[in-house]
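Chain by chain, the residues:
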Amino acid sequence: MSEQLADPHTSGLTRTIIWVILFSIAMGFLEGAVVIYLRELYYPEGFVFPLKLMSTTNALVELFREVATIIMLLGIGMLAGRNANQRLSFFVMSFAIWDIFYYVFLWLVLDWPQSIMEWDILFLVPVLWVGPVVTPLIITVTMLLLSTVLLKSDVRLSKLEWTLFVAGSLVVILSWTLEFQQFSSTIDDPMKAVLTYVPQRFPWIIFWLGEAILCSAIFLFWRRTR
């Protein structure tokens, strides 16, 4: 009776995917641990806006920590992928899983967020990114969908698809930064703007427009390469 040997390329790819997932979950825990310590120091009664004043050293460390996080996620994509599609796919996959488990660990340890509609700081560079927790989670699902279709094809993204991805990403980022930019434009001192800003209304129309553009790019790529 003959035995059917497993495709070494497929088994190797599966092993890589498993390690990327494990790395991303561990990184989500590490990121969550840092935030847990920060909230213990600055928000012992629970995280609320406006933000508390940090020392200059701690603020700079936070900024560079976020930049380092992106470099690490790019690094895992570059190291794990064997071609352009895989590199982009693994970067997107690790980013999405890291973000999901970051919130999972915060919820398990701090019982936060109690609602997916709670406001959170999403990023600090180059300005404050703020939005309801549900918004980055929606984007992570979109990123996992993109990662899946990329892994199933060796065909590269077209110029139109790249344009849509970049445009959609910028529109989503605009939804996270618009209100703070409008608020800070009325205050001369940037630090005072950060320390007095309390999010009020999220521009859902802009966010869903960006999400629709991203999904249209994924659909076009899937239809072209299925």
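Up top is the structure.
Residues numbered from 1 in each chain as written. Predicted model: local features only at pLDDT ≥ 70, side-chain atom pairs only at ≥ 80, totals over all residues. Heavy atoms only, no water.

Caption draft 1: Geometry of a nonpolar patch on the surface. Taken together, the side chains of W107, L108, V109 and L110 make up a nonpolar region of the molecular surface, amounting to roughly 400 Å² of accessible area. Of note, L108 is situated in helix α3 (residues 84–110). (Patch = residues over 30% accessible without salt bridge, like charges linked within 9 Å, V, L, I, M, F, W, Y side chains within 5 Å. Areas by Shrake-Rupley, 256 points an atom, 1.4 Å probe, with all protein chains shown as cover. Salt bridge = Lys/Arg side-chain N within 4 Å of Asp/Glu carboxyl O. Helix = DSSP H or I, 4+ residues; strand = E, 2+ residues; numbered from the N terminus.)

Caption draft 2: Fine view of the side chain of N85. In this structure, N85 sits in helix α3. For N85, a relative accessible area of 5% puts it in the buried group. Polar contacts involving the side chain of N85 include one to the main-chain carbonyl oxygen of V155, which spans 2.8 Å. The residues contacting N85, other than those within four sequence positions of it, are L150, S153, D154, V155, R156 and F221. (Buried < 20%, exposed > 50% of the residue type's maximum accessible area, 1.4 Å probe, protein only. Polar contact = N/O pair within 3.5 Å; in protein donor to acceptor, adjacent residues only side chain to side chain. Contact = heavy atoms within 4.5 Å.)

Caption draft 3: Structural context of the pattern of salt bridges. In the structure shown here, the tally under the stated rule is four salt bridges. The partner of E31 in a salt bridge is R65, and the shortest N-O contact between them spans 2.7 Å. With E31 in helix α1 (residues 8–42) and R65 in helix α2 (residues 56–80), this residue pair connects regions lying 34 residues apart in the sequence. A relative accessible area of 12% places E31 in the buried class. R224 is the salt-bridge partner of E161, the closest N and O atoms lying 2.8 Å from each other. Note that E161 is positioned in helix α5 (residues 159–184) and R224 in helix α7 (residues 204–225), a separation of 63 residues in sequence. In this structure, a network of salt bridges that share partners links the residues E31, E62 and R65.

Caption draft 4: Molecular detail of empty space enclosed by the protein. Overall, the coordinates contain one cavity of 30 Å³ or more when judged by the stated rule. When its volume is computed, the largest cavity comes out at roughly 30 Å³. Along its surface, the largest cavity is lined by W119, V130, S175, W176, L178, E179, Y197, R201, F202 and P203. The element that contributes the greatest number of residues to the lining of the largest cavity is α5, accounting for four residues. Of the residues that constitute the lining of the largest cavity, the class distribution is seven nonpolar, one polar and two charged. (1 Å grid on protein atoms, 1.4 Å probe; cavity = no way out; pocket = protein on both sides within 12 Å on 5 of 7 lines; lining within 4 Å. Points joined across faces, edges and corners; volume = space filled by probe spheres on them. Nonpolar A, V, L, I, M, F, W, Y, C, P; charged D, E, K, R; others polar.)

Caption draft 5: Here's a closer look at the environment of P203. Looking at the secondary structure, you find P203 in the loop between α6 (190–196) and α7. Distance in space between the C-alpha atoms of P203 and S115 is 19 Å, their sequence separation being 88 residues.

Caption draft 6: View of the pairing of strand β2 (residues 129–132). With four bridges connecting them, strand β1 (residues 119–123) and β2 associate as antiparallel partners. Paired with D120 across the strands is G131, a residue of β2. The turn linking β1 back onto β2 is made up of five residues. (Pairing = 2+ DSSP bridges.)

Caption draft 7: Here's a closer look at the nonpolar core. The biggest cluster of nonpolar side chains holds 48 residues, and the ones touching the most others in it are I139, L146, F165, W176 and F207. Of all the secondary structure elements, the ones that give two or more residues to this core are α1, α3, β1, β2, α4 (134–151), α5 and α7. (Core = buried A, V, L, I, M, F, W, Y, C linked by side-chain atoms within 4.5 Å.)

Caption draft 8: Summary view of the packing of α5 against α7. Contact geometry for α5 and α7: axes closest at 7 Å, N-to-C directions at 160 degrees. The orientation of α5 with respect to α7, classified from their angle, is roughly antiparallel. Our pair here, α5 against α7, has a crossing hand that is left-handed. Residue classes in the contact of α5 with α7 are distributed as 18 nonpolar, five polar and three charged. (Axes fitted to C-alpha atoms, helices over the stretch in contact; angles between N-to-C directions. Parallel < 35°, antiparallel > 145°, perpendicular 65-115°, else oblique. Left-handed = near helix turned anticlockwise from the far one by under 90°.)

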